[in-house]
Amino acid sequence: MNSANSPLGKPLDRVDGPLKVTGKACYAAEAEVPGLLYGAVVSSSIARGRIKGIDAAAAEALPGVRLVLTHQNRPPVASYDEPYEDDDAADGSPFRPLYNDRVLYSGQPLALVVAETQALARHAASLVRIEYEVEAHQTDLQAAREQAHDAPAELPEPRGDFDSACAAAAKRVDCEYGTPVEHHNPMEPHASIVQYQPGGELLIHDKTQGVQNCQRYLEQVFDMQGKIRVLSPFVGGAFGSGLRPQYQLPLAVMAALKLKASVRVELTRQQMFTFGYRPRTFQQLKLAADGEGRLRAIEHKAIGQTSRFEDFTEHEVEWSGMLYACDNVRLGYRLAPLDVYTPLDMRAPGATIGVYALECAMDELAHEVGIDPLELRLRNYTDINGNEGKRYSSKELRACYQQGAERFGWSRRPAQPRSLRDGHQLVGMGMATGVWEAMQMPASARACLDADGRLLVTSATADIGTGTYTAMTQIAADAMGLSMAEVEFRLGDSSLPQAPLEGGSATVSSVGSAVQRACAGLRQKLLDAVQQSPASPFTGANLETVEFVDGQLRLKSGEHAVPLRDIVQVSGALEAEASVKPDEKRDAWATGTHSAVFVEVRVDEDLGTIKVSRVVSAIAAGRIVNPKTAGNQIVGGVVWGIGQALHEETLIDHRLGRYMNHNLAEYHIPVNADIPEIDVIFVEEHDEIVNDLGSKGVGEIGIVGVAAAVANAIYNATGKRVRDLPITLDKVL
Amino acid sequence: MTPFSYQRPERIDQAIALHGPQSRYIAGGTNLLDLMKENVLQPGQLIDINGLPLREIERTAEGGLRIGALVSNADLAWHPQIEQRYPLLSKAILAGASPQLRNMASTGGNLLQRTRCYYFYDTATPCNKREPGSGCSARDGRNRIHAILGASEHCAAVHPSDMCVALAALDARVHVEGTHGKRRLELVDFHRLPGDQPQQDNVLIEGELITAIELPVEGFASHCAYLKVRDRASYAFALVSVAAALEMDGDIIRRGRIALGGVAHKPWRLEEAEELLNGKRAEPECFAAAADRLLQGAQPLADNAFKIDLARRAIVRALTEAAGGTVR
Amino acid sequence: MSENSSAAGQTCTISLELNGERRELQVQPWTTLLDLLRDQLGLTGTKKGCDHGQCGACTVLLDGRRINSCLTLAVMHDGASLTTIEGLASEATLHPLQAAFVKHDAFQCGYCTPGQICSAAGLAAENRASSRDEIREHMSGNLCRCGAYPNILAAIEDALPTLRGQEGAQ
């Protein structure tokens, strides 16, 4: 509809804001459940071996302890891999909690103590003694590089002839970049409450990015088809950590089934380091260009860590085949299995690290060629995705470069590193490009106008802080010509219409399209309803000749209008459901979001401390449904990028095979004092191909390229290239 | 947490009398409860000392200040007498932890903070400080944050306090009381080096209670600086910190003090290094000489060699800042 | 405070003025203030992010001062006054900070938000931070993994004059 009164594209306040600022938004561990019991997980202290024995006597002897659950007394679970394969499963054999006596990684859940209070459960868990048969382990990717195998990823075939093009080129860069393990660490720890119903059904409150993913997983693993409903109305951050069912969920289910009681299992912060994470990688970038900087050859080879039981793959090197014009491209991706848990998608998985390496290498190439880094990008600009050989449905990256550079004052960047100072501080400026996919998944939604004229729209999607509630309310209000206050959107309930995992920046595109389509169906039903009366002034009208505005259905000619409320008061509530798949017209096109990030850093020349002092991020992501919440997403992505560049690293002691900084005091994420003003620009981008909304999603694009821009700015400030993240002060001293 | 019994006495002598081998005093609790939740500490009894009359900040007979052990870190940092006369202490406190923690943590408790060594905190790993005789995992493990001075083969942990670094530079004293009566200790002697008994952070005897910290008259108010170098801009422990205090006569240093944090099992001071400042013109060469002397004998582990160079640079910077006049 | 011992160990009775209401409560010695609020009283607005004083999500106002409720025992606060996010404003209206957080979109997932708001209320009462850099530093005890820091800063900057005006008027 998109009339002048439409909420679409307006910077509206978050509809769930009042609940969140008053503490009334209810997260997974907070559901009020009578007779609730509390679980505490006992984690392995070794990285590999077998359980020889579990002595739970001391724990079981405590009054109020109800159960010590282990692989020996758990309820029956599926024994084949398939039931455990969730919507985001990696290739291989998924981890099965409490399945047998095998210890596959340090921190693995080996027992669950259930007691009448959380404090008692935790205390009792500390009394459980586990005897191990220890086996030699390997957790060091560097040491296991030679044992790597080709990743089961569908990489583009090499194009052109990399070797001869590289050999013939005037300028070359050949560098290796290292990235560390990072953990998602959403503020809310993963938690599940399994509410045991009188008939044996389970009503589950879980922290997840996909209620139906968890529902299916549990139905399969516990053979409980039709007996499980999963709720997740509020998620305290996830960033990918909720894409797969995490182990607290099946543990809570096991305990509930065993005890026929309701059970909560909430992980500790330390245990938030005992499942998926962003993998450690080494990436080799070879760029070759002519004397003017035109790319002649690109090779991007990555090696990442995975577990012994699954091959985790992400889109890490593909970006190097699509971001710039180049005829000779060779991509490689290998995995080294270690005695660790399987990595997991984490905000802009693959791109965050792959584009970091590419964009640092581009900066090195600019220096090699002797041209401005932005100019290098412009000389290699392309509207075609070289991997697919398809033109982008829209790509306003050039506008991102121009508007971002202007806002930032890029022209003031000193070409010579280490030439700008302010007191003790060396000042540097850097930039990078960002890119992410513009995906769409099949999704469904239902729209129901009740007899009071209030619209309820539902879909089993999630809002992990991304603003789904608000964006969907806007889309529905726009589609029906209603005010925001007249529309309610509900999500996070597996009994609602099908929705994909909330991830990959695809929710507005996927669920938003379904909401739009459901509302279109409802409009037809409303028109049909008014046409029921023989003397209806709408007789003969169709959806092309009417409009839905200001709460009314009216003829575009303006002759007649009827409030929607009046229609449903006669007809009763009306409802329409729609399922939407990506349109076939997308197939002919490449789709993506793009960004240009400009960063200023200040590096203390004596102490090495690094402060990001300014950021401009210019984004091309199609139509922005809500600039306020979308801007916040970009800001958050930039903060993540700053953390990736300067702070975040999960330290492992390879002798123990164990993460050592498993807390928020020593696993550093940025604090308020680390973050400067962040200027976000959404450039105009019109796209009629991606979906009817023309909207591409913004959850990932904000982080991509940021770490490279920071690293490049540090080079500009100091003249020092640091090629392994994070760039802590000791590396620039 | 392991269950414990709880008592809240109202008099100091009662508190001391209650104390047994399984007891711990609790004041702010910010570090003790943290460690109890990790099962690093499992006291059988907590003696809550918050009812004791230890919240005053008063002038001593000689003109210094006596700070009750229960004064919160925030109240201390923002006390007008501290801000005016001992800005070094104020700055150091405000460089540590977070506003919430500073509102909770007590002056006495700050002295008793345990190390942030990863292995000390993780009961699944060997650690001599936590479990004497089990071995030191840090020595050949992850030791970027560990000690470069005064460590032993048994322990390479560092003391995490910022406040204590300033107190060391200020020649503060610690008042303690126990079953054997009252003692007054120099702060620089309060914490100990790990040696072969890393489980002992300090010289307190079982049951002794810190009752007050005493500051001497001289606060170096016009020429001091606290410089904390860390991995993020705030809310992180020091990699290296420096408390620098100078008494100036024009551009000549009459008397200088330097204390280091983040480098050893205790705040690190060395008279010989400070003597290199006395009577000298305040300039980088003089500061560097003092820094080199202070860091003499530093022994890095695999990941923390950078701390030596960093500490040297930080000392020079802090002394330069102090010489330029306290930044208010 | 009164005590009694039972099979489950010592329990103590404490009196708290909780969000303006005097409450007599039975607690075990090891019950943290945070667990008392969340698990015993159902006041789940105060969040558990780390349980170790490293994130600030559990920030509440104890006798008007901001603290981490995860690192203190309930039994230690007999007679104290406690304000949580649920008690910051009267039922019908939002506290100026709550309104400013909504207006500036100073959150995403909302999990750190009650702690941020209580912390900001404590900051306002302390009156030690006015400039942007000071507010940033004095809000650094509250992690926001969504990265909404610039909006949190804007919200606090916006609400501070109102809050300080209110205090001046009292």
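Residues numbered from 1 in each chain as written. Chains lettered and ligands numbered in written order. Predicted model: local features only at pLDDT ≥ 70, side-chain atom pairs only at ≥ 80, totals over all residues. Heavy atoms only, no water.

Engineer: Help me out: how do you make sense of the overall build of chain C in this one?
Structural biologist: The secondary structure content of chain C amounts to 5 helices and 6 strands. Helices and strands appear in chain C in the N-to-C order β-β-β-α-β-β-β-α-α-α-α. Here the C-alpha atoms of chain C give a radius of gyration of 17 Å, agreeing with the 15 Å that 2.2 N^0.38 yields for 170 residues. Along the longest, intermediate and shortest principal axes, the C-alpha atoms of chain C span 55 × 35 × 30 Å. Residues counted as buried form 65% of the 170 residues belonging to chain C. For chain C, restricting intrachain contacts to residue pairs at least 6 apart in sequence, the fraction spanning at least 24 positions comes to 53%. Of the roughly 5400 Å² that chain C leaves accessible, carbon and sulfur atoms contribute 47%. Computed over 13 positive and 19 negative side-chain charges, the inter-centroid distance for chain C is 6 Å. (Helix = DSSP H or I, 4+ residues; strand = E, 2+ residues; numbered from the N terminus. Rg over C-alpha atoms; globule rule 2.2 N^0.38 Å. Buried < 20%, exposed > 50% of the residue type's maximum accessible area, 1.4 Å probe, protein only. Contact = heavy atoms within 4.5 Å. Areas by Shrake-Rupley, 256 points an atom, 1.4 Å probe, with all protein chains shown as cover. Lys, Arg positive; Asp, Glu negative; His and termini not counted. Charge placed at Lys NZ, Arg CZ, Asp CG, Glu CD.)

Engineer: Looking at this structure, I do not really get the packing of aromatic side chains. What am I missing?
Structural biologist: Ring pairs (aromatic) are described by centroid distance and by the angle formed between their planes. Under the defined criterion, the tally for this structure stands at 22 aromatic pairs over all chains. For the ring pair Trp410 of chain A and Phe598 of chain A, a centre distance of 5.6 Å and an interplane angle of 65 degrees mean the geometry is edge-to-face. Of this pair, Trp410 of chain A sits in the loop between α10 (397-408) and β20 (421-422) while Phe598 of chain A sits in strand β29 (residues 592-604), placing them 188 residues apart in sequence. With respect to class, Trp410 of chain A is no different from Phe598 of chain A; both count as buried. The lysine or arginine in question, Arg145 of chain A, covers the ring of Phe282 of chain A, its NZ or CZ lying 4.4 Å from the ring centre. Over the aromatic face of Trp640 of chain A sits the side chain of Arg145 of chain C, whose NZ or CZ is 3.9 Å from the ring centroid. (Phe/Tyr/Trp six-rings, centres within 6.5 Å; stacked < 30°, edge-to-face > 60°. Lys NZ or Arg CZ within 6 Å of the ring centre and 35° of its normal.)

Engineer: I'm lost on the environment of Gln81 of chain B in this one. Help?
Structural biologist: All names here are of chain B. With respect to the helices and strands, the residue Gln81 is situated in helix α4 (residues 80-85). Separated by 16 residues in sequence, Gln81 and Leu65 place their C-alpha atoms 8.5 Å apart. Residues contacting Gln81, with those up to four places away along its chain left out, are Arg59, Leu65 and Tyr86.

Engineer: Is there a simple way to explain the interface of chain A and chain B in this structure?
Structural biologist: In many reports, interface size means the accessible area that the parts give up when they come together. Chain A puts 34 residues into the contact, and the matching count from chain B is 32 residues. Each partner contributes to the roughly 2800 Å² buried at the junction of chain A and chain B, and carbon and sulfur atoms together form 57% of this total. If you sort the residues of chain A by the area they bury against chain B, Leu607, Met660 and Glu666 of chain A come out on top, with a joint share of 19%. If you look at where chain A meets chain B, you find 5 salt bridges. Residue Asp730 of chain A is joined to Arg144 of chain B by a salt bridge in which the shortest nitrogen-to-oxygen separation is 2.8 Å. (Buried area = accessible area lost by both parts, 1.4 Å probe. Salt bridge = Lys/Arg side-chain N within 4 Å of Asp/Glu carboxyl O.)

Engineer: Can you help me understand the domain arrangement of chain C in this one?
Structural biologist: Residue and element names in this part refer to chain C. Taken as a whole, chain C is organised into domain 1 (2-85) and domain 2 (96-169). The C-alpha centroid of domain 2 is placed 23 Å from the C-alpha centroid of domain 1. Listed per partner, the contact involves 16 residues of domain 1 and 17 residues of domain 2. Together, the buried faces of domain 1 and domain 2 total about 1200 Å²; carbon and sulfur atoms form 56% of this surface. For the pair domain 1 and domain 2, the number of links is 1 salt bridge. Glu126 is the partner of Arg66 in a salt bridge, and the nearest nitrogen-oxygen pair spans 2.8 Å. On the surface where domain 1 and domain 2 come into contact, there are 7 residue pairs in polar contact (both at pLDDT 80 or more). It is strand β4 (residues 59-62) that provides the largest number of residues to the side of domain 1 that touches domain 2, a total of 3 residues. (Domains from an automatic or database assignment. Polar contact = N/O pair within 3.5 Å; in protein donor to acceptor, adjacent residues only side chain to side chain.)

Engineer: Please clarify how the domain arrangement of chain B should be interpreted in this entry.
Structural biologist: The domain boundaries assigned to chain B delineate domain 1 (5-50) and domain 2 (226-323). Here the C-alpha centre of domain 2 of chain B lies 36 Å away from the C-alpha centre of domain 1 of chain B.

Engineer: For this particular structure, what's the right way to read helix α13 (residues 564-571) of chain A?
Structural biologist: Think of an α-helix as turning once every 3.6 residues; residues three or four places apart then point the same way. Residue and element names in this part refer to chain A. The complete set of buried residues in α13 reads Leu564, Ile567 and Val568. The buried residues of α13 all sit within an arc of 90 degrees when viewed along its axis, so they share a single face. Turned more than 90 degrees off the buried face of α13, the exposed positions are Gln569 and Val570. Looking at the residues trailing α13, positive phi occurs at Gly572, about 85 degrees. (Arc of directions from axis to C-beta.)

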